[in-house]
Amino acid sequence: MRFAMPTELKINTAVTASCKPNTSAAVGQRLHFLDGNIMRHTPLPRILPSEITDEHLWTTRREWLQRAGLTALAVGTGSLGTAAYAAKAENNRAVLPATRNAQLSVDETLTAEEDVISYNNFYEFGTDKSDPERRAHRMETEPWTVRVEGEVLHPRTYDIDDLRKLAAMEERIYRLRCVEGWSMVIPWIGYSLSHVLNDVQPTGNAKYVEFITAQQGPNHMPGVRRPILDWPYTEGLRLDEAMHPLTMLVFGVYGKLLPNQNGAPMRVAVPWKYGFKSGKSIVTIRLRSDEPQTSWVKAAPHEYGFYANVNPEVPHPRWSQATERRIGGRLFGPRTPTQMFNGYGEAVASLYAGMDLARYY
Ligand code: MTE
């Protein structure tokens, strides 16, 4: 299976006008479960557009810093001291050796590492694209265990070091398409999630896999002070999607361990789905007989579906998904067409045979 891109996509930076939290009153309310089964209606926060950094401003600020001879990593130091920032700027993460899996890699120009690790969505640290890079060092990642439980014959709690050794580390170059209309090409390091699922042996009742990510106190994750989502951030896949070889457990990027802002010590990458399906900093993987409710579906079911397959023909209610902007490069380049299943259709379209993908968005 090889996903070669015949022509290199042109880098462009047309400004997108969107951020995921709905800034209108349309979001309304979300359901909140207390004590198991008592349901309460909690008004969702109204996030003002001005509270979310516009991508144009982010890019302009970054360019300004570069022109001024400053590193992009110095953007908005906030409460982080200069010394801590200088240490981060060295980017001295431990090396994670891996063998390139060319069969499962796309043949496209990589997004610069600096962009991959500084332009992030990780709402536990804030909604601004630069918040995770500025704040995610506060997350505790040691010790770290991952519980794999539910509909499995052998539930198990793995120490992260054991998970790193469970299968051979591969480097795979995947496209990442965010639902907001931007994209990257990223050299992830990890292995297929199926290795872990086979290790615990799903029962015959297992139909779905739920991913529960870390929830730490506001000193560690300042973004959880605001109920933007029903924390912890959770996501899910159908079991056959989770078992697909492309579905990857990721431990590293660009030859090194993941930085916290990209989901250290372990995240998921599902390249044919919008980026929000790829939960970061996972602590529990739960196999289930029923479809899990995910954080984004709970927050705005009319905007975000369980499947979230990249689909240029199904617009988001507030913007088109027909084109995307590759992160990096010059301002105001042309947007490029988005591909069905993010270009992975040959490998994954059969998972959805006979399904109405406009209904199951
Ligand atoms: N995981 C957690 N725990 N919290 C988040 O806010 N954001 C998602 C996804 N995983 C998110 C998350 C979204 S919207 C995207 S696009 C990707 O992470 C971004 O991954 P990246 O920042 O490594 O590019």
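Only a predicted model underlies this, so the values are computations on that prediction, with no experimental measurement involved. (Residues numbered from 1 in each chain as written. Predicted model: local features only at pLDDT ≥ 70, side-chain atom pairs only at ≥ 80, totals over all residues.)

**Q** Just checking my understanding: could you explain the overall build of the protein for this structure?
**A** Per the secondary structure count, the protein includes nine helices and 15 strands. When the 361 residues of the protein are sorted by exposure, 39% land in the buried category. In the protein, the share of contacts with a sequence separation of at least 24, taken over all contacts with a separation of at least 6, comes to 72%. (Helix = DSSP H or I, 4+ residues; strand = E, 2+ residues; numbered from the N terminus. Buried ≥ 20, exposed ≤ 12 C-beta atoms within 10 Å, placed from the backbone. Contact = placed C-beta atoms within 7 Å.)

**Q** Got a minute to help me understand the site of the ligand in this structure?
**A** Looking at the ligand, there are 17 residues lining it, with N120, Y233, G275, F276 and K280 nearest. Broken down by class, the residue content of the shell around the ligand amounts to six nonpolar, nine polar and two charged. (Near = placed C-beta within 6 Å. Nonpolar A, V, L, I, M, F, W, Y, C, P; charged D, E, K, R; others polar.)

**Q** Explain the pairing of strand β6 (residues 170–177) here, please?
**A** Here is the key point about a regular strand: its side chains alternate between the two faces of the sheet. Taking burial as the measure, the eight residues of β6 include seven buried ones, the bulk of the element. As paired strands, strand β3 (residues 99–100) and β6 are joined by two bridges and run parallel to one another. Residue pairing for β6: T99 is matched across the bridge by E170. Both β6 and strand β7 (residues 182–192) contribute to a ladder of eight bridges, which runs antiparallel. (Pairing = 2+ DSSP bridges.)

**Q** Hey, could you run me through the pairing of strand β14 (residues 323–326) in this one?
**A** Pairing geometry for β7 and β14, over two bridges, is parallel. Paired with W182 across the strands is R325, a residue of β14.

**Q** Any chance you could explain the confidence of the model for the protein here in plain terms?
**A** Interpreting fine coordinate detail is not advised for predicted regions of low pLDDT. Per-residue confidence for the protein gives a mean pLDDT of 81, with 74% of residues at or over 70. Taken as a whole, residues 1–90 scores under 50 in pLDDT and shows 131 contacts with residues more than four places along the chain or in a different chain. (pLDDT = per-residue confidence, 0-100.)

**Q** Would you mind going over the environment of L153 with me for this structure?
**A** Structurally, L153 is set in the loop between β4 (145–150) and β5 (156–159). The exposure class assigned to L153 is exposed, which follows from the 9 C-beta atoms found within 10 Å. In this structure, L153 is in contact with V200, Q201 and T203, ignoring residues within four places of it in sequence.

**Q** What is the right way to look at the nonpolar core in this model?
**A** Looking at soluble globular proteins, one finds that nonpolar side chains tend to be buried together. In terms of nonpolar packing, the biggest core is built from 55 residues, with I186, W188, M248, L249, V250 and V268 touching the most fellow members. Breaking this core down by element, the ones donating at least two residues are β4, β6, β7, α6 (194–200), β8 (208–213), β10 (248–253), β12 (267–269) and β13 (282–288). Take this core: its biggest share by element is seven residues, from β7. The residues contacting W188, other than those within four sequence positions of it, are R172, Y174, M248, V250, V253 and A269. Core analysis: the second largest hydrophobic core is formed by ten residues, M139, A214, M221 and L229 among them. (Core = buried A, V, L, I, M, F, W, Y, C linked by C-beta atoms within 7 Å.)

**Q** It is not clear to me how the sheet that holds β8 should be interpreted in this structure. Could you clarify?
**A** Pairing between the strands of a sheet is mediated by backbone hydrogen bonds and can be parallel or antiparallel. The five strands are arranged β5-β4-β13-β8-β9 in an open sheet whose pairing can be described as mixed. The strands lining the two open edges of the sheet, one partner per strand, are β5 and β9 (234–238). Ignoring strand direction, the axes of neighbouring strands in this sheet form an average angle of 15°. (Axes fitted to C-alpha atoms, helices over the stretch in contact; angles between N-to-C directions.)

**Q** Could you clarify how one ought to interpret the environment of V95 in this entry?
**A** Among the structural elements, V95 can be located in the loop between α2 (82–89) and β3. Each C-alpha atom of the pair V95 and L257 lies 6.3 Å from the other, and the pair is 162 residues apart in sequence. Setting aside chain neighbours within four positions, we find V95 in contact with G255 and K256.

**Q** Looking at this structure, I do not really get the environment of L197. What am I missing?
**A** Of note, L197 is situated in helix α6. The sequence separation of L197 and M243 amounts to 46 residues, and the corresponding C-alpha distance is 7.6 Å.

**Q** I'm lost on unusual backbone geometry in this one. Help?
**A** With the exception of glycine, the majority of residues adopt a negative phi angle, and the majority of peptide bonds are in the trans configuration. A cis geometry characterises the amide bond from W231 onward to P232, with omega recorded as -5°. Tracing the backbone shows P232 in the loop between β8 and β9. Of note, Y254 is a non-glycine position whose phi angle comes to about 50°, a positive value. Turning to its location among the elements, Y254 is positioned in the loop between β10 and β11 (256–257). On the basis of neighbour count, Y254 is assigned to the buried category, with 22 C-beta atoms found within 10 Å. Of note in the backbone geometry, F341 takes a positive phi value of approximately 50° without being a glycine. Looking at the secondary structure, you find F341 in the loop between β15 (336–337) and α9 (345–348). F341 gets classed as buried once you count the C-beta atoms within 10 Å, which come to 21.

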